[in-house]
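Residues per chain, in single letters:
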Protein chains: 2
Amino acid sequence: MSEKKRRAGASAAGAASSSKKPRASAAASYAESLRSKLRPDASILATLRSLASASSSKSKAAEKSLADHDPSADPTASYIVVADQDTTSVTSRINRLVLAAARSILSGRGFSFAVPSRASSNQVYLPDLDRIVLLRRESARPFANVATARKATVTARVLSLVHAVLRRGIHVTKRDLFYTDVKLFGDQAQSDAVLDDVSCMLGCTRSSLHVVASEKGVVVGRLVFADDGDRIDCTRMGVGGKAIPPNIDRVSGIESDALFILLVEKDAAFMRLAEDRFYNRFPCIILTAKGQPDVATRLFLRRLKVELKLPVLALVDSDPYGLKILSVYMCGSKNMSYDSANLTTPDIKWLGVRPSDLDKYRVPQQCRLPMTDHDIKVGKELLEEDFVKQNEGWVKELEMMLRTKQKAEIQALSSFGFQYLTEVYLPLKLQQQDWI
Amino acid sequence: MSEKKRRAGASAAGAASSSKKPRASAAASYAESLRSKLRPDASILATLRSLASASSSKSKAAEKSLADHDPSADPTASYIVVADQDTTSVTSRINRLVLAAARSILSGRGFSFAVPSRASSNQVYLPDLDRIVLLRRESARPFANVATARKATVTARVLSLVHAVLRRGIHVTKRDLFYTDVKLFGDQAQSDAVLDDVSCMLGCTRSSLHVVASEKGVVVGRLVFADDGDRIDCTRMGVGGKAIPPNIDRVSGIESDALFILLVEKDAAFMRLAEDRFYNRFPCIILTAKGQPDVATRLFLRRLKVELKLPVLALVDSDPYGLKILSVYMCGSKNMSYDSANLTTPDIKWLGVRPSDLDKYRVPQQCRLPMTDHDIKVGKELLEEDFVKQNEGWVKELEMMLRTKQKAEIQALSSFGFQYLTEVYLPLKLQQQDWI
């Protein structure tokens, strides 16, 4: 944004808050005074560039540590990491399974599938990988057993359907899969559960099976990628942004000159950033899942992080729910644990809005909300979570939230002017490297 | 799609259902036999072209009838149609209101706002326009009255905030608006309600006030438009599609060689159509709001319909909820009635999945679901709605649904193969002009 335009913006913001009552004027004038603390953009950009290159070299180190823990490289590894596989690999894994079953039948022994347990007792959190993985406990699913005959049949059917989907080179939803044989599956919970079994049996992510979730995320900013062969330039996606594709394996050719990824909890803040073309002032990629993150957005973020090796800065509400959302991005959710290696982006920085920001930016008392009993309960539970405990700064912030019993939304910053977020708050945060 | 590719698809679909149990094979082979009924695409396209040109001339006639009812052309009109206005017009309307208040104050009479009532008793459905509009009943909101002083203040504040937003040329959400003066507004319901008042007072849509809703719709297909100046080619948006922009006034330069607009209820069907690039075989624009339509998607659909004059064909579940969704697109929802003229697209054709399709396409019994008591209640209520009663075909279909007490999702068609929807069902529907 030009200096002239910024000044015009500043005066308009002043005008917008000119009818503020005296009660709020002290906070508003303090908020305005922070604008003068801003160094020229070039100086902030220099900071961000060094951050981006540091993140890139750190990622390389992290990759190495992941390779050290690759269970396929270590036959004694006691856990299963479900990984992305290409179509050829998944197809040949299915072929091997089916051939083994056929041989077993021909030799008169019937057939049985070995299904890794997805029970929580078979899950473990690996601190050095910062991920939940599955242990190697398996159960047999023989066809020649009254208790398991049905489930073995369903498993065989799902394997055959996934094979057909892969061979056609298309993608389907769980619901589509269910409808191909309603009589056999009975209800969708059954085909869904067996699909998860199949995913673990094959050691492939669900997206490798071409069974996809619906999308709700959007992205704008300094990013170019191909969605099913179409080149998408996310600096030219207007205010609406580009819908994040449901099938991550059709995403290719990721390129970017961004210095960081800005992960935004909510649609409204995303719109503000997109409309103000924040990414042109501070080269970045802005994405949001509009609340609770869906699988497609988590896969997309991870892919960006892995390929571009950029730092990820998070802008969420200052409440326990904001942290919960970060935990889903960072650690995955329990019921997708076996897939966690492919869905999680462990190293996310908490940029804001943090509990300490409320006083630091003098957010007016009337824009803060009292925490409910449920909020406080969730907050206390979060204090016990590994992803919080590992980061002293996060513990302190969360303790402060629970002590003050106050929460605030990102939009509370609108009390200083609609564009305070993009013109003062975020630039100052970036300048001061104020993330933890 | 090439003939070769289509044949390959057909044989793969056959393979996918080759393990079908005998119980379903009759339905499946009938379903496959429908494929042979398909005429060459060129012939179907000729049908669609004549439909599109008919729709275009019909739209011109409809426009004329709308002009006949333009209340600004008719000073005796007894209702208010809230309309889209450009920034200059909204700003000058605010200026006029505020100047009138100032003059009133200077003359010693204090000030008062005249606020049109949004009560349901002040709403009326106009059959010839097929829209809900507001009658002219207004209430006075004087500042010098204990009962209304607060609300008059809030109204003045909202007017000033909207003015600031328009002057900056930005867009904000209702939540942003609320946070600019939490102490005054108290809770968001109050600022939201007054925003609706202001919208009626000014005779402008909420989107003209630059207060926007969050977006959840996506679009792909034969459409080019500019989102905030960025040229978007929706044939090159991959499978994910383009997120529909929250601020319709930033949409411009709409161009299309489509023959129709395909309105899809659900994300999963949208994904199937996008991945199969259905719009390349049958030039169309495909859009979905992923369930209950949001304001941004409704505005976008209406804009497409008005500018391109294309027929709109709807693909929804065969259940009362599918029809409810059509009613929101066609007639608006009661609480946005004053804005209905700008949000509704009255002339939508019900393509499918219709209750009569279930037998016509021999959808297997196990893919149909029994209607719940609540479904039946909603279905009976729909029979009383004007938008249903006007269309004899719709009444018959709905009566059949209530008689058979069966419903089905779009995805029930997956029982004949994952791509049956795009390869047989929809082409045959288009060929037979099977919409009502």
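Rules used in this analysis
Residues numbered from 1 in each chain as written. Chains lettered and ligands numbered in written order. Predicted model: local features only at pLDDT ≥ 70, side-chain atom pairs only at ≥ 80, totals over all residues. Heavy atoms only, no water. UniProt positions renumbered as here; feature names shortened; annotations may be inferred. Contact = heavy atoms within 4.5 Å. Buried area = accessible area lost by both parts, 1.4 Å probe. Salt bridge = Lys/Arg side-chain N within 4 Å of Asp/Glu carboxyl O. Polar contact = N/O pair within 3.5 Å; in protein donor to acceptor, adjacent residues only side chain to side chain. Buried < 20%, exposed > 50% of the residue type's maximum accessible area, 1.4 Å probe, protein only. Phe/Tyr/Trp six-rings, centres within 6.5 Å; stacked < 30°, edge-to-face > 60°. Helix = DSSP H or I, 4+ residues; strand = E, 2+ residues; numbered from the N terminus. Expected span 1.5 Å × (residues − 1). Arc of directions from axis to C-beta. Pairing = 2+ DSSP bridges. Axes fitted to C-alpha atoms, helices over the stretch in contact; angles between N-to-C directions. Core = buried A, V, L, I, M, F, W, Y, C linked by side-chain atoms within 4.5 Å.

Labelled according to an unreviewed UniProt entry, chain A appears under the name DNA topoisomerase 6 subunit A, originating from Digitaria exilis. The UniProt entry for chain A carries the following comment under Catalytic activity (unreviewed entry): "ATP-dependent breakage, passage and rejoining of double-stranded DNA." We quote the UniProt Cofactor (unreviewed entry) comment for chain A here in full: "Mg(2+)".

Caption draft 1: Summary view of the interface of chain A and chain B. On the chain B side, the residues contacting the 72 residues of chain A number 72 residues. The junction of chain A with chain B conceals about 5800 Å² of combined surface from both sides, 50% of it contributed by carbon and sulfur atoms. Taken together, the connections running from chain A to chain B amount to 10 salt bridges. Between D230 of chain B and R277 of chain A there is a salt bridge, with its nearest N and O atoms 2.8 Å apart. Between the two partners, chain A and chain B, sit 36 residue pairs in polar contact (both at pLDDT 80 or more).

Caption draft 2: Region of interest: the pattern of salt bridges. Throughout the structure, instances matching the rule amount to 58 salt bridges over all chains. Put simply, K349 of chain B and D347 of chain B hold a salt bridge, and the shortest N to O gap is 3.8 Å. We classify K349 of chain B as partly exposed; its relative accessible area is 27%. On the accessibility criterion, D347 of chain B (28% relative accessible area) is partly exposed. Among the ionic contacts, a cluster of salt bridges with common partners joins D228, D230 and R250 of chain A together with R272, E275, D276 and R277 of chain B.

Caption draft 3: Here's a closer look at the packing of aromatic side chains. All names here are of chain A. Applying the stated rule across the entire model yields 18 aromatic pairs over all chains. Summarising the aromatic geometry, the rings of F225 and F300 are spaced 5.3 Å apart at their centres and angled 65 degrees between planes, so their arrangement reads as edge-to-face. Linking F225 in strand β9 (residues 224-227) with F300 in helix α11 (residues 295-308), this pair joins segments that are 75 residues apart in sequence. Among the aromatic side chains, those forming a connected cluster through ring pairs are F111, F113 and F143.

Caption draft 4: Main features of helix α17 (residues 392-404) of chain B. Residue and element names in this part refer to chain B. The end-to-end C-alpha distance of α17, which contains 13 residues, comes to 18 Å, matching closely the 18 Å that a straight helix rising 1.5 Å per residue would cover. Burial in α17 covers these residues: W394, V395, E397, L398, M401 and L402. Buried residues of α17, viewed axially, fall in a sector of 165 degrees; they line one side. Residues of α17 that are exposed and point more than 90 degrees away from the buried face comprise E392, K396 and R403. If you follow the buried residues of α17, they end up packed against α12 (320-331), β16 (348-352), α14 (355-360), α15 (373-383), α16 (386-389) and β18 (406-407). The opening residue of α17, the one whose side-chain oxygen lies 3.1 Å from the backbone nitrogen of G393, is N391.

Caption draft 5: Examining the sheet that holds strand β12 (residues 251-255) of chain B more closely. All names here are of chain B. Reading across from one edge, β10-β9-β12 is the order of the three strands in this open sheet, with antiparallel pairing throughout. Each of the sheet's edge strands pairs with one partner strand only, and the pair in question is β10 (230-233) and β12. Strand-to-strand, the axes of this sheet are offset by a mean angle of 20 degrees, without reference to chain direction. In this sheet, β12 lies alongside strand β9 (residues 224-227) in antiparallel orientation, the contact comprising three bridges. Bridge pairing links D227 to V251 in β12. Contacting β9 and β12, helix α11 (residues 295-308) runs over the sheet at an angle of about 45 degrees to β12.

Caption draft 6: Structural detail: the nonpolar core. One finds L262 of chain A together with L262 of chain B to be the most contacted residues of the largest nonpolar core, which totals 254 residues. Ignoring any residue separated from it by four or fewer positions in sequence, one finds L262 of chain B in contact with L273, F278, I285, I286, L287, L313, L315, L351 and L426 of chain B.

Caption draft 7: Here's a closer look at the pairing of strand β15 (residues 312-315) of chain A. Residue and element names in this part refer to chain A. Neither face of β15 is exposed, since V312 and A314 on one face and L313 and L315 on the opposite face are all buried. Of the pairings in the sheet, the one linking strand β13 (residues 260-264) to β15 comprises four bridges and is parallel in character. When the sheet's bridge partners are listed, L263 is paired in β15 with A314. When β15 meets strand β16 (residues 348-352), the two strands line up parallel, connected through four bridges. If you follow L315 over to β16, its bridge partner there is G352.

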